[in-house]
Amino acid sequence: MIEELRSIQHQFGYLPADRLQELAAKIQVPLSQIHAVASFYPHFHLAPPAQAEVRVCADMSCHLRGAPDLKRGLDQAFRASGPERVAVRGVSCLGRCDQAPALSINDQIYSNLDEARAIGLVRDVISGRQLPPEPRSHNKIPVASDPYAGDPKYSVVRQFVETPDWAGVIATLKAAGLRGMGGAGFPTGSKWEIVRNAPGKEKYIVCNADESEPGTIKDRFIMENVPHLVIEGMVMAGLVTGARRGILYIRHEYERPKEILQEEIDRCYRDGLLGSNILGSTLAFDLEIFVSPGGYICGEESALLEAIEGKRAEPRNKPPFPGTHGLWNQPTAINNVETFTFATVILSRGAEWFKAQGTNAASGMKFVGISGDVNRPGIFEVPMGTRYSQLIYEYAGGILGNRQLLAYAPSGPSSGYLPASMVDLPLDWNAVAAAGSMVGSGAIVVCAEGRCMLDMALNAVRFYRNESCGKCVPCRVGSQKLVEMLSGWTEGRSSSTDLQLLDELTHALKLTSICGLGQVVPVPIASVLKHFRAVVDEHLNHRRCPAGVCFAERGTA
């Protein structure tokens, strides 16, 4: 259904009612069900959009790098144009955190734009001129862990075809200690073993390339520079688990990575590395790309499966888990891009090599994305155990404008914020967890002095409110209530019972939300209350923002 909807929108620019009726008759699905799906995803339009649909990223890194001023400038420049000509609104993370601020104009993404350039592009659209393509770098960046200096690649698959040893593959991944790199950290070898041993007529491999959380950009880098490692990891997962079909689920904003991956998939079919008889053997594995119709919630594994099945991306209740009841209710191994990549590296170079790459008593490697108030935002391949101070000051070039570090999020909004006094923590699962945060996906967002941490907490909680699927009441209502409460704190409105209510909301969200999104909604403000309580007290007790951000910006005395 989703591919049909995408085709209709590509033709008309939106989803005309008569075309949806025709689709309902064609695929024999009630029109109400088609509307339910189409209205759920932000990529679909049920009415004609404005001539220039302008969406400015509003989240963490862009918020830090000028997005509020950019949006105000666009609002002012086109206020008299009318909503049918120009519509300016916010949008959740566009996946360009290292090039902030970012915006999209008629689904064409641009980054590192100043106000004048953005206004010029919008004027081009309403004048009938064609938008230029998003600037792209054509030079691949070497990846240190890539075991292939040149061709031929896919030696792990070639070796497995000659001497199939699924138990040996799983044992190697376990020995290397490879965890899921998307944030949850579940042992990869154990996940593949669960799917291998699960009964089922069909089994599936799914790659989650829907990184949509603010600050999370490293999978984009991996897909653009070492697509062969991602694909080989998926093929190996299929051969080991007995799955014959793989689906790479990618966010629709990642057009360039999708093109690169499709070229590599086509090459693998030509070379006999994919298909019904891999390298002349009886082994088979087919691989396709599924483009997401949008929404951060699609990054939740069961919501992602619902989207592939053509439904609203609403998380499932667990148990059962995807390992036994996944796509189409069949055993499914879901890993993210980085996990499949390192699975290939480990199976090629060995478990001991991988473990030896760590430092400070940690083992393994990690891709991290560093954005926000740093001089050189970007994606870096680093040893596990590297201290966050080294990541920020050496890899990312230090704090923008020679300011002091105020805080950093180790993994986007879901990790909360840690103070500058904890910047020497190592990039280590256990050490960061002991500090009350998490390594997660490695989306490091840096805040310099002069930032208001209450404002940053509100920004993060607002993101979760905007991206809640609304399926469960605690998340739908609780996230909205938290946004209203924190907005009040930044505008001079608060109640003596707010902190007690915040505790109750936090407890309810963590215990009763269906998925991880609802459970982490309170994390940003909880971390600010823990590490920056004086800032919050100034807002609540004296209606004063020490950074001069909140009340002045919002026009409140």
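From a predicted model like this one, the values you see are computed outputs, not experimental measurements.

Participant: Is there a simple way to think about helix α8 (residues 166–176) in this case?
Facilitator: One turn of an α-helix holds 3.6 residues; hence residues three or four places apart share an orientation. Residues of α8 that are buried: V169, I170, L173 and A176. The buried residues of α8 all sit within an arc of 130° when viewed along its axis, so they share a single face. In this fold, the buried residues of α8 make contact with α7 (155–162), α9 (188–197), α11 (227–241), α14 (337–349) and α15 (351–355). G177 sits one or two residues past α8 and shows a positive phi near 75°.

Participant: Honestly, α14 in this entry has me stumped. Any pointers?
Facilitator: Its 13 residues give α14 an end-to-end C-alpha distance of 18 Å, which sits within 8% of 18 Å, the value for a rise of 1.5 Å per residue. Judged by how many residues are buried, α14 sits mostly within the fold: 11 of 13 residues are covered. Listed in full, the buried residues belonging to α14 are V337, E338, T339, F340, T341, F342, A343, T344, V345, I346 and L347. Looking one or two residues past α14, G350 carries a phi angle of roughly 105°, positive in sign.

Participant: In this structure, what is going on with unusual backbone geometry? I would like to understand it.
Facilitator: The amide bond that connects A100 to the next residue, P101, takes the cis arrangement and shows omega of 0°. Secondary-structure assignment places P101 in the loop between β2 (86–91) and β3 (102–105). A cis amide bond links P319 with the next residue in sequence, P320, at an omega value of 0°. Considering the arrangement of structural elements, one finds P320 in the loop between α13 (301–308) and β8 (332–336). Phi angles above zero are rare outside glycine, and N360 is one such case at about 55°. Relative to the helices and strands, N360 is located in the loop between α15 and β9 (365–372). Assessed through its relative accessible area of 42%, N360 is described here as partly exposed. Notably, R543 is not glycine yet its phi reads approximately 50°, a positive angle. By the element assignment, R543 lies in the loop between α23 (533–542) and α24 (550–554).

Participant: When you look at the pairing of strand β7 (residues 286–291) in this model, what are you seeing that I'm missing?
Facilitator: Both strand β6 (residues 245–250) and β7 contribute to a ladder of six bridges, which runs parallel. Opposite I250, over in β7, you have V291 as the bridge partner. Taking the sense of rotation as the criterion, the β-α-β connection linking β6, helix α12 (residues 255–270) and β7 turns out right-handed.

Participant: Even after reading the chapter, I still don't get the nonpolar core, so can you show me in this structure?
Facilitator: Most often, soluble globular proteins keep nonpolar side chains buried together rather than apart. W192, L248, I250, I370 and Y388 are the most contacted members of the largest nonpolar core, which has 86 residues in total. The element best represented in this core is α11, accounting for nine residues. Y388 has contacts with Y408, P410, V423, L425, P426, L427, V432, V439 and I444, leaving out every residue within four places of it along the chain. Listed in part, the 74 residues of the second largest apolar core include L305, V461, V483 and V523.

About the criteria used
- Residues numbered from 1 in each chain as written.
- Predicted model: local features only at pLDDT ≥ 70, side-chain atom pairs only at ≥ 80, totals over all residues.
- Heavy atoms only, no water.
- Buried < 20%, exposed > 50% of the residue type's maximum accessible area, 1.4 Å probe, protein only.
- Helix = DSSP H or I, 4+ residues; strand = E, 2+ residues; numbered from the N terminus.
- Arc of directions from axis to C-beta.
- Contact = heavy atoms within 4.5 Å.
- Expected span 1.5 Å × (residues − 1).
- Pairing = 2+ DSSP bridges.
- Right-handed = clockwise from strand over helix to strand, strands pointing away.
- Core = buried A, V, L, I, M, F, W, Y, C linked by side-chain atoms within 4.5 Å.

Interpretation note: all reported values are geometric properties and have no functional meaning in isolation.
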